[in-house]
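Here are the chains, one letter per residue:
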Amino acid sequence: MSAASFGGRTAIVTGAAGGIGNAIAGAFAAQGATVVIADLDGRAAERSAQQLAATGADVRGFATDVSDSRQVHSLTEFATSLRGSVDILVNNAAITTTEIIEDIDESAWRRVLDVNLTGPFLCAKAVLPQMRRQRYGKIVNIASVAAKRISFNSGASYTASKAGLVAFTRHLAYEAAPDGINVNAVCPGPVLTPMMESVSDSTALAQRRNEIPAGRISVPDDQAGVVLFLASDAASMVHGQAVDVDGGALLGWTDTASYFVRRGAPR
Ligand code: NAD
């Protein structure tokens, strides 16, 4: 990919005020895309956009709750107003619960599904008509290796939402492919983000590292690289895939005792 691989393209990256989304936004911006950082935390979105814009990139912040269809509609209108179209959508925003199933509030369960699964549906629905009209579009959903096994750091709500997102990716890919739209998912394993470091002490981090055949926990740029590949023309024949970016962690992990300790229910 050259420095201007995404020149003339407009990308929306949700939940991109920090963490993995921010690295994705920065990577698209570095390759010439106009990027909209859409985040529930509008101030943080604006701050992150200004930081990236200071490097000469065209990046805007926009306060959006992806679970609210009206806000998603405003986001799409804003992004379209910049250069006339939205070409790339990265559904990255997500939340979680960490409790064991009996302790998850019904409202918290519903909120996780609203943000992690209904959010990507609403965002995709909002951009699809114009992607179909222009016969070009790239949608990348950030799922998790939790979609294929269970989450170690998060609870069942998160696992269910991410498995749903992978299934949604497949179905959306099938419906969108005839109009030149690629839809795929990335499934990160553990990623060193501020959130991850805040819930893991050094012992837990060392343990995670031991479970990764590649010998290190991934960083946000590892994820961003694969997202950019899936959004590039090099991947134009890739549809409906969920690509693990986990250093081989899914090849085998199991630690039941520390799973329960983490949820305050040791056995
Ligand atoms: P993070 O918590 O650092 O960032 C998530 C962002 O989403 C935040 O900026 C938050 O404000 C925003 N957000 C929350 N609710 C929102 C809503 N309703 N509307 C819009 N924005 C909202 O998370 P992260 O660690 O960078 O994770 C990014 C993605 O990667 C998520 O989809 C997550 O599930 C996935 N993932 C992360 C890891 C990891 O180890 N960090 C592993 C696997 C998958």
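Above this text you will find the structure in question.
Residues numbered from 1 in each chain as written. Predicted model: local features only at pLDDT ≥ 70, side-chain atom pairs only at ≥ 80, totals over all residues. Heavy atoms only, no water.

Peer 1: Lay out unusual backbone geometry with the relevant residues and their values.
Peer 2: One non-glycine residue, Arg135, adopts positive backbone phi at about 50 degrees. Structurally, Arg135 can be placed in the loop between helix 4 (106-134) and strand 5 (137-142). (Helix = DSSP H or I, 4+ residues; strand = E, 2+ residues; numbered from the N terminus.)

Peer 1: Describe in detail the pattern of salt bridges, supporting the description with residues and values.
Peer 2: This model, assessed by the stated rule, comprises 10 salt bridges. Where Lys138 meets Asp233, a salt bridge forms, and the shortest distance between an N and an O atom there is 3.7 Å. Residue Lys138 is located in strand 5, and its partner Asp233 is located in the loop between helix 8 (220-230) and strand 7 (242-245); the two are separated by 95 residues in the primary sequence. Between Asp244 and Lys148 there is a salt bridge, with its nearest N and O atoms 2.7 Å apart. Here Asp244 is found in strand 7, whereas its partner Lys148 is found in the loop between strand 5 and helix 5 (156-176), with 96 residues between them in sequence. Accessibility expressed as a relative area gives 39% for Lys148, which makes it partly exposed. Overlapping salt bridges bring together Arg132, Arg135 and Asp179 as one network. (Salt bridge = Lys/Arg side-chain N within 4 Å of Asp/Glu carboxyl O. Buried < 20%, exposed > 50% of the residue type's maximum accessible area, 1.4 Å probe, protein only.)

Peer 1: Describe the packing of aromatic side chains, listing the residues and the values that go with them.
Peer 2: Taken as a whole, this structure holds 3 aromatic pairs when the rule is applied. On the numbers, 5.0 Å between centres and 80 degrees between planes, the contact of Phe6 with Phe28 is edge-to-face. Here Phe28 lies in helix 1 (residues 19-30) and Phe6 lies in the segment before strand 1 (10-14), a separation of 22 residues in the sequence. One exposure class covers both Phe6 and Phe28, and it is buried. (Phe/Tyr/Trp six-rings, centres within 6.5 Å; stacked < 30°, edge-to-face > 60°.)

Peer 1: Requested: an account of the site of the ligand, with residues and values cited.
Peer 2: Taken together, 25 residues form the shell around the ligand, and within it Ile20, Asp39, Asn92, Tyr158 and Val191 come nearest. Here Leu40 contributes a backbone N or O atom positioned 3.1 Å from a nitrogen atom of the ligand. Residue Lys162 places a side-chain N or O atom 2.9 Å away from an oxygen atom belonging to the ligand. When the ligand is considered free in solution it has 830 Å² of accessible area, and contact with the protein chains removes 87% of it. At the level of elements, helix 1, helix 4 and helix 5 are the ones that each hand at least two residues to the shell around the ligand. The class makeup of the residues in the shell around the ligand is 14 nonpolar, 7 polar and 4 charged. (Near = heavy atom within 4 Å. Polar contact = N/O pair within 3.5 Å; in protein donor to acceptor, adjacent residues only side chain to side chain. Areas by Shrake-Rupley, 256 points an atom, 1.4 Å probe, with all protein chains shown as cover. Nonpolar A, V, L, I, M, F, W, Y, C, P; charged D, E, K, R; others polar.)

That's the geometry; what it means functionally is another story.
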